[in-house]
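Listed below are the residues making up each chain.
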Amino acid sequence: MHCCRRRARSRCGCGRPGARYPAREVAVSDITVEARLVRAAVAWLADLRERLADAVRTGRLPHAVLLLGPEGAGQAELACWLAGLLLCERDAGAACGDCVSCRLFLAGTHPDCHWVGIEADASAIRVEQIRDLAGSLETRSFRGHRKVVVIDPADSMNISSFNALLKTLEEPSENTYLLLTASRRDRLPATIRSRCSCQQLPLPTPAQAVAWLQLQQSRDGWARLLELAQGAPFLALNYASSGLEALDADMQEALGPAGKVPFDVLGLADAWRADRPEVRLAWLELWLTELLREAAWSSDGVNNNRRYRLPADGDRTIITRGYRLLDALREARGRIGGSLNVQLLFENLLVDLAEWMRSNSWRAHSNQSRT
Ligand SMILES: [Zn+2]
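Residues numbered from 1 in each chain as written. Predicted model: local features only at pLDDT ≥ 70, side-chain atom pairs only at ≥ 80, totals over all residues. Heavy atoms only, no water.

Tell me about the side chain of Gln 343, and please be specific about residues and values.
You can see Gln 343 is positioned in helix 16 (residues 342-357). With relative accessibility at 17%, the residue Gln 343 sits in the buried group. Sequence-distant contacts of Gln 343, that is, excluding residues within four places in its chain, are made with Leu 266, Ala 269, Asp 270 and Arg 273. (Helix = DSSP H or I, 4+ residues; strand = E, 2+ residues; numbered from the N terminus. Buried < 20%, exposed > 50% of the residue type's maximum accessible area, 1.4 Å probe, protein only. Contact = heavy atoms within 4.5 Å.)

Residue-level account of the packing of helix 2 (residues 33-40) against helix 4 (residues 75-87), with values.
The interhelical angle for the contact between helix 2 and helix 4, taken along N-to-C directions, is 105 degrees, at an axis separation of 8 Å. Accordingly, the angle class assigned to the pair helix 2 and helix 4 is roughly perpendicular. Between helix 2 and helix 4, the residues in contact are Val 33, Arg 36, Leu 37, Arg 39 and Ala 40 and Ala 76, Glu 77, Leu 78, Cys 80 and Trp 81, respectively. Taken together, the residues that form the contact of helix 2 with helix 4 break down as 7 nonpolar, no polar and 3 charged. (Axes fitted to C-alpha atoms, helices over the stretch in contact; angles between N-to-C directions. Parallel < 35°, antiparallel > 145°, perpendicular 65-115°, else oblique. Nonpolar A, V, L, I, M, F, W, Y, C, P; charged D, E, K, R; others polar.)

I'd like to hear about the environment of Ala 207, residue by residue, with values.
Its location among the elements puts Ala 207 in helix 9 (residues 206-216). Through-space distance from the C-alpha of Ala 207 to that of Ala 223 is 8.7 Å; in sequence the pair is 16 residues apart.

Lay out helix 3 (residues 46-57) in plain terms, naming residues and giving numbers.
Between its first and last C-alpha, helix 3 extends 16 Å over 12 residues, near the 16 Å set by a 1.5 Å rise per residue. Buried within helix 3 are the following residues: Leu 48, Arg 49, Leu 52, Ala 53, Ala 55 and Val 56. For helix 3, the angular spread of the buried residues around the axis is 160 degrees, confining them to a single face. Relative to its buried face, helix 3 has exposed residues pointing more than 90 degrees away, namely Asp 47 and Arg 51. Along its buried surface, helix 3 packs onto helix 2, strand 4 (64-68), helix 4 and strand 8 (197-200). Remark: Gly 59 follows helix 3 within two positions and exhibits a positive phi of approximately 70 degrees. (Expected span 1.5 Å × (residues − 1). Arc of directions from axis to C-beta.)

I'd like to hear about helix 2, residue by residue, with values.
Those residues of helix 2 that sit buried are Val 33, Arg 36, Arg 39 and Ala 40. Along helix 2, the residues classed as buried sweep out an arc of 125 degrees about the axis, all on the same side. Among the exposed residues of helix 2, those oriented more than 90 degrees off its buried face are Glu 34 and Val 38. Taken together, the buried residues of helix 2 touch helix 3, helix 4, helix 5 (100-107), strand 5 (113-116) and helix 11 (233-241).

Account for the packing of aromatic side chains, naming residues and giving values.
Scanning the entire structure with this criterion turns up 5 aromatic pairs. When the ring of Trp 212 is compared with that of Phe 234, the centres are 5.2 Å apart and the planes differ by 65 degrees; the resulting orientation is edge-to-face. In this pair, Trp 212 sits in helix 9 while Phe 234 sits in helix 11, placing the two residues 22 residues apart along the sequence. Note on Trp 212: relative accessible area 13%, which makes it buried. Looking at Phe 234, the relative accessible area reads 0%, which means it is buried. Seen from their ring centres, Trp 272 and Phe 346 are 5.6 Å apart, and the 80 degrees between their planes marks the pair as edge-to-face. With Trp 272 in helix 13 (residues 265-274) and Phe 346 in helix 16, the pair connects residues that are 74 residues apart, well separated along the chain. (Phe/Tyr/Trp six-rings, centres within 6.5 Å; stacked < 30°, edge-to-face > 60°.)

Quick rundown of the coordination of the zinc ion? Include the residues and the values.
Coordination of the zinc ion by the protein involves Cys 88 (SG), Cys 96 (SG), Cys 99 (SG) and Cys 102 (SG), with metal-donor separations of 2.3 Å. Around the zinc ion, the 4 donor atoms sit at angles spanning 104 to 117 degrees, and that spread fits a shape best called tetrahedral. Linear spacing of the donor residues for the zinc ion on their chain is C-x7-C-x2-C-x2-C. Given a relative accessible area of 30%, Cys 96 falls into the partly exposed group. (Donors = N, O, S within 2.8 Å, 3.2 Å for Na, K, Ca; no water. Tetrahedral: all angles 85-135°; square planar, octahedral: opposite > 155°, others 65-115°.)

How would you sum up the packing of helix 6 (residues 127-137) against helix 7 (residues 159-170)? Please name residues and give values.
Where helix 6 contacts helix 7, the two axes come as close as 8 Å, and the packing angle between them is 15 degrees. It follows from the interaxial angle that helix 6 and helix 7 lie roughly parallel. When the axes of helix 6 and helix 7 are compared, the crossing they make is left-handed. Between helix 6 and helix 7, the residues in contact are Val 127, Ile 130, Arg 131, Ala 134 and Leu 137 and Ser 160, Ser 161, Ala 164, Leu 165 and Thr 168, respectively. Classifying every residue of the contact of helix 6 with helix 7 by side-chain character gives 6 nonpolar, 3 polar and 1 charged. (Left-handed = near helix turned anticlockwise from the far one by under 90°.)

Lay out unusual backbone geometry in plain terms, naming residues and giving numbers.
Of the consecutive residues Asp 152 and Pro 153, the connecting peptide bond is found in the cis state with omega at 0 degrees. For Pro 153, the position within the fold is in the loop between strand 6 (147-151) and helix 7. In the Ramachandran plot, Gln 230 falls in the positive-phi region, its phi being about 55 degrees despite a non-glycine side chain. Here Gln 230 is to be found in the loop between helix 10 (222-228) and helix 11. What makes Gln 230 partly exposed here is its relative accessible area of 49%. Backbone geometry at Arg 276 places phi at a positive 50 degrees, although glycine is not the residue there. One can find Arg 276 in the loop between helix 13 and helix 14 (277-296). With a relative accessible area of 29%, Arg 276 lands in the partly exposed category.

Here it is as structure tokens:
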């Protein structure tokens, strides 16, 4: 696999977030091609795999395919599977795993497979990577078969990169296929979307996802992690390996003084920026969601049934502001992979959070709830 990145990091839910390793080692160490193919074989992607395989078999696959779904739905895994299928020289409707192309692909050294990802210490795919790619595609196929480009994640590109890619999309080289992965459709310009065949990845049912996660690792707490991952099992798996639950004590302690003055917003934002910022945002979302649920519902004290209780006027304002904060957190989670100042993002969030928690009404309500 020819990589248009020298060092890459995973953001797609198929490896540790922020893990860094030389790109050529991606195929043979942390995220192997085989590991991606195993994940791509999950049952809930079967229909989509069948449709794509049929399109390849009948020569109807468009030269540019956009694999779109929630983060962690398996876009990179499916792109890997489709790349292997396109590169297999036996064209038997499924990658044979045995021809020269398949062997090169599985070893991560196929010269006609170009995987473009986010370089280490970068927050987006750079325009130079896309220009390099265009240059690479001008050469003939090394194997005399198809050439495949995977851009993962395509929604991390900036406008210059999109413009550079547009020329490749408009004037595709012969027998060349571009596979783009994305979780944020709104980040892709209409000019890019309109030139791709968009394939939406489905999510499994929660029961199906938890059963699959239990097979990967037998443990408690999958349902909670899956909820946090908004139903995407690969992302839930990623959260588990990232130690999300282990962050509980650290985050609880950090937020303890948030309702009091002084509150070290800058120090905390700096610490969170440097250590698993995506996971911390996910934790904050879950924490705030549970706080708001607690505020809106109360136990009737009988059989532990829970009844909805309309908050008093003051509390209702607090809860409304809390939901606005929750919206901001969700928006931040969607933006953190792009070209974003993470320090500033955490500073803004923490200022709003501290102000919200400082509210006398909220404290009064919380104290009342505990008595
Ligand atoms: Zn093959």
